[in-house]
Amino acid sequence: MIIMAAMAGATPFIVNTHAQKPVSAPVVTLNDVTKVYETASGGTVHALSKINLAIHGAEFVSVIGASGCGKTTLLRIIGGLEDGFGGELVLSGRKGGGPSRDVGIVFQDANLLPWRSILQNVLLPAQVLRLDKQASLARAHELIELVGLKGFEDKYPFELSGGMRQRVSIARALVHNPSVLLMDEPFGALDALTRETMNAEVLKIWDATKKTVFMITHSITEAVFMSDRVIVMSPRPGRVIAEVDIALPRPRHISMLSEEKFGAYTGKLRRLLDVGTD
Amino acid sequence: MSLDATAAAEILASRKRERLRWLSVSSVDSLISLGGFVMLALVWEVAVDLFKVPDFILPAPSAIAVSLYNGFASGLFVYNFFVTAFQTIAGFLLAAVIGTAIGAVVAQFRIVERIVYPWLVALQTLPKIAIAPLIIIWAGYGIGSKVIIVALVAIFPVLVNTIMGLKSCDQGKLDLMRSLGAGRWETFRTVRLPNALPFIFAGLNVAIVLAILGSIVGEFVGSKAGLGNLILEANFQFDVARIFAVLVVLGVFGVVLSLIMRMAQSHFLFWNKSLS
Ligand SMILES: Nc1ncnc2c1ncn2[C@@H]1O[C@H](COP(=O)(O)OP(=O)(O)OP(=O)(O)O)[C@@H](O)[C@H]1O
Ligand SMILES: [Mg+2]
């Protein structure tokens, strides 16, 4: 895997090779992806500039970068939610944008439908995609158990805490068995303690389901703790400044947060972000 | 972090209790207001008796009660109540169905909205009740004309609120549907419409009040029967006690209708936090 410091003037970054990763065709490939928004006032916002990325099967990739640098835009492009963009997107062998049933999205807000029970919420993608009812139901129950909400199937979103709601939305994103899971600051709205628990839980889920994960976060610690690779983006227009392989052993444990190696990674990422800011 | 089946059942039961508690709280409230009502009637009775107020100005509550009894005993109130109740409910249901349907079409299609919306805004300020005489001319003195008047008067809040509710859907939920490749109809049915329900119910609550108003005013303008018709007749005969008796019937009718509305609302909108 390559690490680039494409930024002019920035010191090139040293490559961390992650030897265990098998070399396979990437599940998600972005070639020179560019996005320009037209604003309501008639101007343009250059959100993304020539993004090149390859995400492999079962890889856990995080993106960090300053607010407004285009992370959400990038995720929305992969998730088929942006209409016009420059460059090429290849997802599970299919070119072009648009919604794909091979993707599950966890938004920053859980976005549950408040009039549906937890089970019905988790089943939503299966309903829209007209999947087999019996199989989906079994899978929904499995996933609800996996996210630790067994017994809450018939409750309604207003009866759940913020963390529980986000877990429901993770189960929902997985019910149609997509190979790619996109998460946009999934734990941004949670308190630090819940967040740590959720991080560990998502890793457990990732381990159990072997999804390809693309996660946006504002937390460097979270990025290092969870990821195989962290992508650092520059301020707008968003470019990839660096990709850092995290060669920490798995399964990861909270105790690793205090290890020296861990600190080295977070320090490295923080410096990269700082270089990008000035 | 798992909860066993009994705990889940407990939660379901507590949700039911929640709904029941709403009923019992409202019954305590209604006891209190009933007490106040009895007090008022007593003071009224004594005052009318003491100051020798003539019957055709302000009848005593006892006289109203007698008139009320006679009205029901003779079957006069029963028949006319059913006429007004039918007009009101039929007109309201028409307004609810047509208002929601038109609102849905307006909110879903940009072109329709462009054409219809200016008219809606212009019509909204117009007192719809003012066209009642026209409807009587066109549709006659029977029940039909009143159903039309009621529907016309009651449709606007439903229509406007439906449009507002359908348009107020937050982008996140729409993005979710879009990411799954859901079509327009599927998104409407699974997200937009349920999302608009609280708005639609708010509109229906206003509409039910306007429906009773439309029914009575329609009868004032021209009718052969109904509680409004009874009021007019009693007015000509200076039978003020009967006017009050009819007003009592109307009051009870209104309360019952709004109670039904509230029960429907708490049944369909139990998930809506802003209500509880
Ligand atoms: N629909 C839109 N129309 C116009 N400009 C937009 C639109 N969506 C995003 N932008 C602009 O594109 C840029 C990137 O936005 P984006 O939401 O991708 O940033 P982000 O990295 O996710 O930020 P944050 O970390 O704060 O969530 C911002 O400057 C934003 O103002
Ligand atoms: Mg964002």
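One numbering rule holds for all chains: residues counted from 1, following each sequence as written. Chains and ligands are labelled sequentially in the order written, the chains with letters from A and the ligands with numbers from 1. Local features in this predicted model are restricted to residues whose pLDDT is 70 or higher, and side-chain atom pairs enter the listing and the counts only when it is 80 or higher, whereas totals over whole chains, interfaces and linings include all residues. Hydrogens and waters are ignored; side-chain quantities use all the structure's heavy atoms.

1. Details of the overall build of chain B
Selection criterion: Counting from the N terminus, the helices are DSSP H or I runs at least four residues long and the strands are E runs at least two residues long. Any residue under 20% of the maximum accessible area for its type is buried, any over 50% is exposed, and the rest in between are partly exposed; the area is computed with a 1.4 Å probe on protein chains only. Note on contacts: a residue pair is in contact if any heavy atoms of the two residues lie within 4.5 Å. Computed by Shrake-Rupley with a 1.4 Å probe, the accessible areas treat only the displayed protein chains as cover when residues are assessed.
Check the secondary structure of chain B and you find 10 helices and 0 strands. Counted from the first residue to the last, chain B has its helices and strands arranged as α-α-α-α-α-α-α-α-α-α. In chain B, which comprises 276 residues, the share counted as buried stands at 39%. A sequence separation of at least 24 residues applies to 72% of the contacts in chain B between residues at least 6 apart. A total accessible area of about 15300 Å² is found for chain B, and carbon and sulfur atoms account for 74% of it.

2. Examining the overall build of chain A
As a reminder of what qualifies: Radius of gyration means the value over C-alpha atoms here, while the globule rule gives 2.2 Å times the residue count to the 0.38 power. Under the counting rule used here, the positive set is Lys and Arg, the negative set is Asp and Glu, and His together with the chain ends is not counted. Charge positions come from single atoms, namely NZ of Lys, CZ of Arg, CG of Asp or CD of Glu.
On a plain count of helices and strands, chain A comes out with 7 helices and 10 strands. Its C-alpha atoms give chain A a radius of gyration of 19 Å, within 12% of the compact-globule value 19 Å for 278 residues. In terms of overall dimensions, chain A has C-alpha extents of about 55 × 50 × 35 Å along its principal axes. In chain A, which comprises 278 residues, the share counted as buried stands at 54%. Here the contacts in chain A between residues at least 6 apart in sequence split such that 71% fall between residues at least 24 apart. By element, 54% of the accessible surface of chain A is carried by carbon and sulfur atoms, the whole surface being about 11700 Å². Charge separation in chain A, taken as the distance between the mean sites of 30 positive and 28 negative side-chain charges, equals 3 Å.

3. A short note on the site of ligand 1
All names here are of chain A. Heads up, the condition is: If even one non-hydrogen atom of a residue comes within 4 Å of a molecule or strand, that residue is called near it. Polar contacts, as counted here, are pairs of nitrogen or oxygen atoms within 3.5 Å of one another; within protein the pair requires one atom able to donate a hydrogen and one able to accept it, and residues that are adjacent in sequence qualify only if both atoms are side-chain atoms.
For ligand 1, the set of nearby residues contains 13 residues, the closest of which are Ser67, Lys71, Thr72, Thr73 and Arg236. A distance of 2.8 Å separates an oxygen atom of ligand 1 from a polar atom in the backbone of glycine 68. Note that an oxygen atom of ligand 1 is positioned 3.2 Å from one of the backbone N or O atoms of cysteine 69. A total of 640 Å² of accessible area belongs to ligand 1 in isolation, and the protein chains cover 66% of it.

4. Describing the sheet that holds strand β5 (residues 94-95) of chain A
Residues and elements named next belong to chain A. The condition is simple: Here, a strand pair is defined by DSSP locating no fewer than two bridges between the strands. To obtain an axis, a line is fitted to C-alpha atoms, over the contacting stretch when the element is a helix, and the angle between two such axes runs from 0 to 180 degrees between their N-to-C directions.
Across the sheet, which stays open at both edges, the 4 strands sit in the order β2-β1-β4-β5 with antiparallel pairing between neighbours. Lying at the two open borders of the sheet, with one neighbouring strand each, are β2 (44-55) and β5. Sheet analysis places strand β1 (residues 28-38) next to β2, joined by 8 bridges and oriented antiparallel. Opposite leucine 30, over in β2, you have leucine 53 as the bridge partner. Contacting β1, β2 and β4 (86-91), helix α1 (residues 71-78) runs over the sheet at an angle of about 120° to β1.

5. Here's the deal with the packing of aromatic side chains
Residue and element names in this part refer to chain B. Operational definition: Only rings of Phe, Tyr and Trp enter the pairing, Trp through its six-membered ring, and a pair is recorded when the two centres are within 6.5 Å. The plane angle decides the type: under 30 degrees is stacked, over 60 is edge-to-face, the rest tilted.
Counting across every chain of the model gives 9 aromatic pairs over all chains. The interplanar angle of 70° and the centroid separation of 5.7 Å between the aromatic rings of tryptophan 44 and phenylalanine 244 together place this pair among those described as edge-to-face. Residue tryptophan 44 is located in helix α1 (residues 5-50), and its partner phenylalanine 244 is located in helix α10 (residues 240-268); the two are separated by 200 residues in the primary sequence. Here the aromatic cluster, defined as three or more aromatic residues joined through ring pairs, consists of Phe81, Phe82 and Phe253.

6. Topic: the sheet that holds strand β6 (residues 103-106) of chain A
Strands belonging to one sheet form pairs held by backbone hydrogen bonds; the direction of such a pair is parallel or antiparallel. All names here are of chain A. Strands sit in the order β6-β7-β8-β3-β9-β10 across an open sheet of 6 strands; the sheet is mixed. Bordering the open sheet on either side are β6 and β10 (240-245), each of which pairs with just one other strand. Looking at each pair of strands side by side, their axes are set apart by 15° on average, direction ignored. Summarising the sheet, strand β3 (residues 60-65) and strand β8 (residues 212-216) pair through 4 bridges and their orientation is parallel. Paired with serine 62 across the strands is methionine 215, a residue of β8. In the packing of α1 onto the sheet, contacts are made with β3, β6, β7 (180-184), β8 and β9 (229-233), and the angle to β8 comes to roughly 150°.

7. So, the environment of Pro99(A)
With respect to the element layout, Pro99(A) can be found in the loop between β5 and β6. As a C-alpha pair, Pro99(A) and Gly80(A) span 19 residues in sequence and 4.3 Å in three-dimensional space. Excluding residues within four positions of it along the chain, Pro99(A) makes contact with Gly79(A), Gly80(A), Arg94(A), Arg178(B), Ser179(B) and Gly181(B).

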